[in-house]
Amino acid sequence: MSSPHERPARFDVGIVGAGRVGAVLGAALTRAGHHVTGVSAVSEASRERAAMLLPGVPVKPIPEVVSGAHLVVLAIPDDVLAELIAGLATTGTFTAGQLVMHTSGAHGISVFESAIGSDLVPLALHPAMTFTGTDVDLERLQDCCFGVTTVDMARPLAEALVIEMGGDPVWIAEDERLTYHAALAHGANHLVTLVSQAMELLGHAGIEEPSRVLEPLLSAALANTLQQGDAALTGPVARGDVGTVAAHVALLREVAPDIRPTYLALARATAQRALLSGRLKAAAGDAMLQLLADEEDNS
């Protein structure tokens, strides 16, 4: 059985932002036994999302959502987070001892500097997950890692909240927060672009269901890479097949010129990593990099 120090008390929770993340985390906190007392939602889509995931929770202006809540969840875009915190602090909306959590990956707790006089407890809890804004996400939260940054005294509470939502807390130092977020954005967001481009090319090849062709290949590549890192690399770049890569680049110039720069950049990065890991011999690697440099110059 958990001790009182390991399990947070039942909180009245205010959710600022019924976007894909805020509404889902509000539902997860409700499922854990907390009481969501209010949610802010401006767009029609966010109001519908709040109604679906937080039924019966009143939609209120932001100051009313924050006022009186034990735990405030700020689930808003990164670039407006500091401004909102400063505004709420200036108007005296925060209360002493209030837990204020944001879900930004890029920010740690330094974003709360403007509210230092409010005597709040700052929490940065970022779920390392892509969200749809539906109840499907509640199941995806199970074993999802959350990047946790807070003051030392609040760390046990922050980690307990993550566990209550079904996640796995991973401590991120304040000065490493941006590096952490860059890694996730590079891996997940750019993966969407990469896979979408591959599906587009398969469409050019006349394949009606590109996803059916790609899913087994990409699933295996992902699993192998997570287990083996660079040792999982296969394909023409790793083999030093300059002729094949040159043919790819020439084809892309004709059928998908917008994809060609992505291919060149990733092929160069792949060749460099293959060289460093010993997968690609120096002579073949030099030839590959020279080809890619020449093609980039001709872009």
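Remember, it's a predicted structure, so these values are computed and weren't measured experimentally.

**Remarks on the overall build of the chain**
Scanning the chain from terminus to terminus reveals 12 helices and 7 strands. In terms of its C-alpha atoms, the chain occupies a principal-axis envelope of roughly 65 × 40 × 40 Å. The burial tally for the chain puts 39% of its 299 residues in the buried class. Here the analysis covers contacts within the chain between residues at least 6 apart in sequence; of these, 61% occur between residues at least 24 apart. In the form shown here, the chain has an accessible surface area of approximately 15,700 Å², with 58% of it arising from carbon and sulfur atoms. If you average the places of the 18 positive and of the 34 negative side-chain charges in the chain, the two averages end up 4 Å apart.

**Observations concerning the side chain of Ser40**
Mapped onto the fold, Ser40 is located in strand 2 (residues 35–40). Not counting residues up to four positions away in its chain, the partners in contact with Ser40 are Ile15, Val16, Gly17, Ala18, Lys60, Ile62 and Val65.

**Details of the sheet that holds strand 6 (residues 145–150)**
On the basis of which strands lie adjacent, the open sheet formed by 7 strands has the order 2-1-3-4-5-6-7 and mixed pairing. In this open sheet, the two strands that pair with only one neighbour each are strand 2 and strand 7 (168–171). Between one strand axis and the next, the sheet turns through 25° on average, direction left out of account. Two elements, strand 5 (residues 121–127) and strand 6, share 5 bridges in a ladder whose sense is antiparallel. Paired with Leu125 across the bridge in strand 6 is Val148. Packed onto the sheet, helix 7 (residues 177–204) meets strand 5 and strand 6 and runs at close to 20° relative to strand 5.

**Comments concerning the state of the cysteines**
Counting across every chain of the model gives 0 disulfides. Sulfur of Cys144: no disulfide; nearest cysteine sulfur belongs to Cys145 and is 6.6 Å away. Here Cys144 falls in the buried class, since its relative accessible area comes to 3%.

**Thoughts on a negative patch on the surface**
Taken together, the side chains of Glu113, Glu174, Asp175 and Glu176 make up a negatively charged region of the molecular surface. Residue placement: Glu176 occurs in the loop between strand 7 and helix 7. For Glu176, a relative accessible area of 40% puts it in the partly exposed group.

**Some details on the environment of Ala265**
Its place among the elements puts Ala265 in helix 11 (residues 260–277). Ala265 sits 89 residues away from Glu176 along the chain, and the two C-alpha atoms are 26 Å apart.

Calculation criteria
- Residues numbered from 1 in each chain as written.
- Predicted model: local features only at pLDDT ≥ 70, side-chain atom pairs only at ≥ 80, totals over all residues.
- Heavy atoms only, no water.
- Helix = DSSP H or I, 4+ residues; strand = E, 2+ residues; numbered from the N terminus.
- Buried < 20%, exposed > 50% of the residue type's maximum accessible area, 1.4 Å probe, protein only.
- Contact = heavy atoms within 4.5 Å.
- Areas by Shrake-Rupley, 256 points an atom, 1.4 Å probe, with all protein chains shown as cover.
- Lys, Arg positive; Asp, Glu negative; His and termini not counted.
- Charge placed at Lys NZ, Arg CZ, Asp CG, Glu CD.
- Pairing = 2+ DSSP bridges.
- Axes fitted to C-alpha atoms, helices over the stretch in contact; angles between N-to-C directions.
- Disulfide = S-S within 2.5 Å.
- Patch = residues over 30% accessible without salt bridge, like charges linked within 9 Å, V, L, I, M, F, W, Y side chains within 5 Å.
- Salt bridge = Lys/Arg side-chain N within 4 Å of Asp/Glu carboxyl O.

Honestly, it's all geometry; don't read function into it.
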